[in-house]
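The lines below spell out each chain.
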Amino acid sequence: MDWLSGFANRTARDAALAPRTWYRLGGPAAYLVRPTDPTDLAELVRRAADTRVEVRILGAGANVLVRDAGVDGIVILLDAPAFRTVRVDGTCVEAGAGVDLMPLVRACCARGLSGLECMAGIPGTVGGAVRMNAGGPAGTFGDVVDTIDVLSRTGVRETWPAERIRFGYRTSAVGDCIVLSARLRLCQAHPETVRDRYDAAFAQKRRTQPLADKSAGCVFKNPPGASAGALIDHAGLKGVAYGGASVSTRHANFIVADRGATASDVLNLMDLIRDRVRRVHGTELETELDIW
Ligand code: EPU
């Protein structure tokens, strides 16, 4: 039995991924599947494992660059209502993996639920934010995660406490598992105080980052004790272009895609940046973007 039987009505073949990413670049997915709920998803991942078909999860596409050739295998979207529920119980918020981060952060702040202000203006989904521990220097998503529910690649559902998730700088121990939901432990505070902190974080982001351009946020991780943006900037790379991709003149750790850009342009510019930074500063930059 091939994995597709029983999933055909929620599977698209050769489905464009570019419109589903912030970069708007790259080729199609061989299969794009939208499971209806965790049980359906478990069945899908079990079948994919049995038939050795590769599986990827696409969140908001905010930190992903899809290669021009596209991706083989299955890309899963967790956008069915069962993956997008939010339950608030006092200061505990439970959110499905497919919940959009920005409206969630705004809603929590508006209620005076503190802990997510540092996430102001960071696009993504709850699942993606857990997996890569999204955030900035003021704090990360993992700081407020109490437990998560995950599905293993063999289709087994487990609840993990925060210690097991081992949140680090843009990393977690989620690995091959699929995040289903996260329970967040926030603090009650005065809504005005929380909103002021949220506004300040967002304003800082707007001031320093090219939010209106097509990008996927920071391209490289900050090396220990240094800023990738500053290293790239001081290597004289702001504004340098490769095809339709260029180093942002506002923040050098952003590569922005202009009209006509391809994913290869971005990848070639990344190589150029890595080479120049290695030569000028002797530092090896590590990629932060997820490249498919
Ligand atoms: N800087 C420059 N030139 C630049 C960019 C930055 O000299 O072109 C300097 C700044 O002046 C500052 C230092 O580098 O002294 C650090 O810059 P910034 O405060 O902008 O922070 P960052 O370390 O570059 C990090 C996260 C961002 C997050 C901001 C929030 C990483 C790789 N980046 O950026 O996350 O939004 O802090 O302030 O951890 C992302 O994860 O996609 C992302 C954009």
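Residues numbered from 1 in each chain as written. Predicted model: local features only at pLDDT ≥ 70, side-chain atom pairs only at ≥ 80, totals over all residues. Heavy atoms only, no water.

1. Brief notes about the packing of aromatic side chains
Link 1 in the chain: Within this structure, the stated rule accounts for two aromatic pairs.
Link 2 in the chain: Between Trp3 and Tyr31, the ring centres sit 4.9 Å apart and the planes meet at 90 degrees, which makes this aromatic pair edge-to-face. With Trp3 in the segment before β1 (11-16) and Tyr31 in strand β2 (residues 28-33), this pair connects stretches of sequence that are 28 residues apart.
Link 3 in the chain: Tyr31 gets classed as partly exposed once you look at its relative accessible area, which sits at 21%.
Link 4 in the chain: Measuring from centroid to centroid gives 6.0 Å for Tyr198 and Phe202, while their planes differ by 90 degrees, and the two rings are edge-to-face. (Phe/Tyr/Trp six-rings, centres within 6.5 Å; stacked < 30°, edge-to-face > 60°. Helix = DSSP H or I, 4+ residues; strand = E, 2+ residues; numbered from the N terminus. Buried < 20%, exposed > 50% of the residue type's maximum accessible area, 1.4 Å probe, protein only.)

2. Here's the deal with helix α7 (residues 263-281)
Link 1 in the chain: With 19 residues, α7 should reach 27 Å at 1.5 Å per residue; the first-to-last C-alpha distance of 27 Å fits that figure.
Link 2 in the chain: Turning to α7, its buried residues number three or more, namely Ala263, Asp265, Val266, Leu267, Leu269, Met270, Ile273, Arg274 and Val277. (Expected span 1.5 Å × (residues − 1).)

3. What to know about the sheet that holds strand β16 (residues 245-247)
Link 1 in the chain: On the basis of which strands lie adjacent, the open sheet formed by three strands has the order β15-β16-β17 and antiparallel pairing. What marks the edges here is a single partner per strand, and that holds for β15 (241-242) and β17 (255-257).
Link 2 in the chain: Bridge analysis of β15 against β16 gives two bridges, and the strand direction is antiparallel. Across the sheet, the residue bridging to Tyr242 is Ala245, located in β16.
Link 3 in the chain: Sheet strands in contact with α7 are β15, β16 and β17, and its direction is about 30 degrees off that of β16. (Pairing = 2+ DSSP bridges. Contact = heavy atoms within 4.5 Å. Axes fitted to C-alpha atoms, helices over the stretch in contact; angles between N-to-C directions.)

4. Thoughts on the site of the ligand
Link 1 in the chain: Residues in contact with the ligand amount to 21 residues; listed here are only the nearest, Tyr169, Cys218, Asn222, Ala252 and Glu288.
Link 2 in the chain: A distance of 3.4 Å separates an oxygen atom of the ligand from a polar atom in the side chain of Lys205.
Link 3 in the chain: The separation between a nitrogen atom of the ligand and a polar side-chain atom of Asp233 is 2.8 Å.
Link 4 in the chain: Contact with the protein chains hides 73% of the accessible area of the ligand, taken as 820 Å² for the molecule alone.
Link 5 in the chain: The element best represented in the shell around the ligand is helix α6 (residues 228-234), accounting for four residues.
Link 6 in the chain: Its residues assigned to classes, the shell around the ligand comprises seven nonpolar, nine polar and five charged. (Near = heavy atom within 4 Å. Polar contact = N/O pair within 3.5 Å; in protein donor to acceptor, adjacent residues only side chain to side chain. Areas by Shrake-Rupley, 256 points an atom, 1.4 Å probe, with all protein chains shown as cover. Nonpolar A, V, L, I, M, F, W, Y, C, P; charged D, E, K, R; others polar.)

5. Side note on the pairing of strand β7 (residues 92-96)
Link 1 in the chain: In terms of burial, β7 is a largely internal element, four of the five residues being buried.
Link 2 in the chain: Between the end of strand β6 (residues 86-89) and the start of β7, which pair antiparallel, lie two residues, with Gly90 showing a positive phi angle near 65 degrees.

6. Side note on the state of the cysteines
Link 1 in the chain: Within the structure shown, the criterion is met by zero disulfides.
Link 2 in the chain: Considering cysteine sulfurs only, Cys108 is the nearest to Cys109, which forms no disulfide, with 6.9 Å between them.
Link 3 in the chain: The exposure class assigned to Cys109 is buried, which follows from its relative accessible area of 2%. (Disulfide = S-S within 2.5 Å.)

Coordinates in, geometry out; function isn't part of it.
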